[in-house]
Amino acid sequence: MDRFKVEVIAQTPNPQQTIYAAMHQDYAEGFVWDEQDRWPDEAESGALVIKHLLKGGRGHYGPLEHPQIVLNCGWFPHSTMQQIRTHRVGVSFDVQSFRYTGSRITDAAKGLKSVEEVFYLRPAGFYSDRQGKRYEYTQAQRQEDLEWCATACRRYQARIQQGFSEEHARGLVPFDVRQHWVLSANVRSLMHLLDLRWKADAQLEAQKLCEHIWPHFKAWTPEIAQWYEENRLKKARLAP
Ligand SMILES: Cc1cc2nc3c(=O)[nH]c(=O)nc-3n(C[C@H](O)[C@H](O)[C@H](O)COP(=O)(O)OP(=O)(O)OC[C@H]3O[C@@H](n4cnc5c(N)ncnc54)[C@H](O)[C@@H]3O)c2cc1C
């Protein structure tokens with residue numbers, strides 16, 4: 001769907017071993033760093049973490065907070081960014097505020113960028129409101145809304161030309177302007193984010209964000225991701 005994208009900027013290289021080392025230090029007499037040559041490999045560490053920390057909902061999730069992944073999320077609507085930013089424990093964000101620049105809005109006004117590249121509108125099709133009532137978003141309505149966005153871009157450009165600051169003119173921009181952001185999370189906070197934003201009543205585009213995050217999580221912590229898939233994915237469980 002759409003042009004949404006999530007890429008990895010950086011990640012802890014041996015995340016499951018890192019969690020294992022933290023867990024092991026909870027009960028080891030020695031200094032765990034000294035025992036690196038005896039640490040289980042990544043896959044076995046993942047299996048031990050599942051057995052001792054995740055299985056059975058013991059609530060001992062602290063060791064999962066050490067490994068970090070840094071993701072670049074792109075072309076999502078502003079509303080999705082707003083929703084994802086409500087997660088504030090173990091998650092950090094950087095996103096353009098439109099206070100200092102908004103040149104892609106003026107580029108759209110000048111025809112240098114397409115309106116679709118700068119604004120997100122849902123695809124034409126059938127949707128439901130919050131009460132479950134179905135309605136159609138027609139291709140013709142979508143075209144009218146694209147024109148609405150183009151008109152707003154021209155108004156933004158006019159106000160900038162009249163000397164307005166970007167932080168003043170940004171108020172004229174339609175709500176679902178596309179935004180890119182950098183998000184960092186640890187294994188625990190990322191699973192919590194997926195719990196809340198991949199469930200069926202989360203906003204459609206937030207669910208799409210989770211779909212794009214998922215392959216990176218799976219490649220990074222395969223055993224933990226498999227456990228998550230079998231036990232939590234889309235089940236609306238609210239911890240860890
Ligand atoms: C479907 C859906 C609809 C929503 N609609 C709205 C809406 O209309 N308007 C709106 O403003 N928000 C809305 N939210 C956001 C929601 O209220 C939470 O702010 C958001 O989901 C952040 O999740 P979290 O509380 O789990 O915090 P996270 O930052 O993800 O924190 C993780 C966990 O840490 C603990 N924690 C974090 N902060 C505190 C704290 N201050 N005190 C005690 N414990 C804490 C909790 O156990 C929490 O679950 C919606 C969320 C969802 C999933």
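Residue indices follow the written sequence of each chain, beginning from 1 at its first position. Totals for whole chains, interfaces and linings use all residues, but because this is a predicted model, local features are given only for residues with pLDDT of at least 70 and pairs of side-chain atoms are given and counted only at 80 or more.

Details of the site of the ligand
Cut-off, in case you're wondering: Nearness between a residue and a molecule or strand is assessed with a C-beta atom placed from the backbone; a distance within 6 Å qualifies. As a working rule, the residues Ala, Val, Leu, Ile, Met, Phe, Trp, Tyr, Cys and Pro are called nonpolar, Asp, Glu, Lys and Arg charged, and the rest polar, with Gly in that last group.
Around the ligand, a shell composed of T86, H87, R88, V89, H192, L196, D201 and A202 is seen. When grouped by side-chain class, the residues that make up the shell around the ligand number three nonpolar, three polar and two charged.

Quick notes on the sheet that holds strand 1 (residues 5-11)
For the record, the criterion: The pairing criterion for strands is at least two bridges between them, as found by DSSP. Comment: elements are numbered from the N terminus, with helices defined as DSSP H or I runs of at least four residues and strands as E runs of at least two. Note on definitions: angles span 0 to 180 degrees between N-to-C directions of axes, and those axes are lines fitted to C-alpha atoms, for helices only across the stretch in contact. Any residue pair is listed as a contact if its two C-beta atoms, each placed from the backbone, are within 7 Å.
Here we have four strands laid out as an open sheet, ordered 1-2-6-3, and antiparallel in their pairing. Every interior strand has two partners, whereas the edge strands, strand 1 and strand 3 (91-95), have only one. Taking each pair of neighbouring strands and ignoring which way they run, the sheet shows an average axis angle of 20°. Bridging between strand 3 and strand 6 (residues 178-186) involves five bridges; their strand directions are antiparallel. Looking at the pairing, V91 lines up with A185 of strand 6. Strands strand 2 (68-77), strand 3 and strand 6 of the sheet are contacted by helix 8 (residues 187-197), whose axis makes an angle of about 130° with strand 6. In the packing of helix 9 (residues 204-220) onto the sheet, contacts are made with strand 1 and strand 2, and the angle to strand 2 comes to roughly 150°.

Topic: the pairing of strand 6
Bridge count between strand 2 and strand 6: eight bridges; the pairing is antiparallel. Its bridge partner lying in strand 6, C73 is registered against W181.

A few points about the packing of helix 2 (residues 42-54) against helix 10 (residues 222-231)
Counted only if it meets this: Each angle gets one of four labels, with under 35 degrees taken as roughly parallel, over 145 as roughly antiparallel, 65 to 115 as roughly perpendicular, and the rest as oblique.
At a minimum axis separation of 8 Å, helix 2 and helix 10 run at an interaxial angle of 40°. With respect to helix 10, the axis of helix 2 lies oblique. Listed contacts from helix 10 to A43, G46, A47, V49, I50 and L54 of helix 2 are P222, E223, I224 and W227. The residue makeup of the contact of helix 2 with helix 10, split by class, is eight nonpolar, one polar and one charged.

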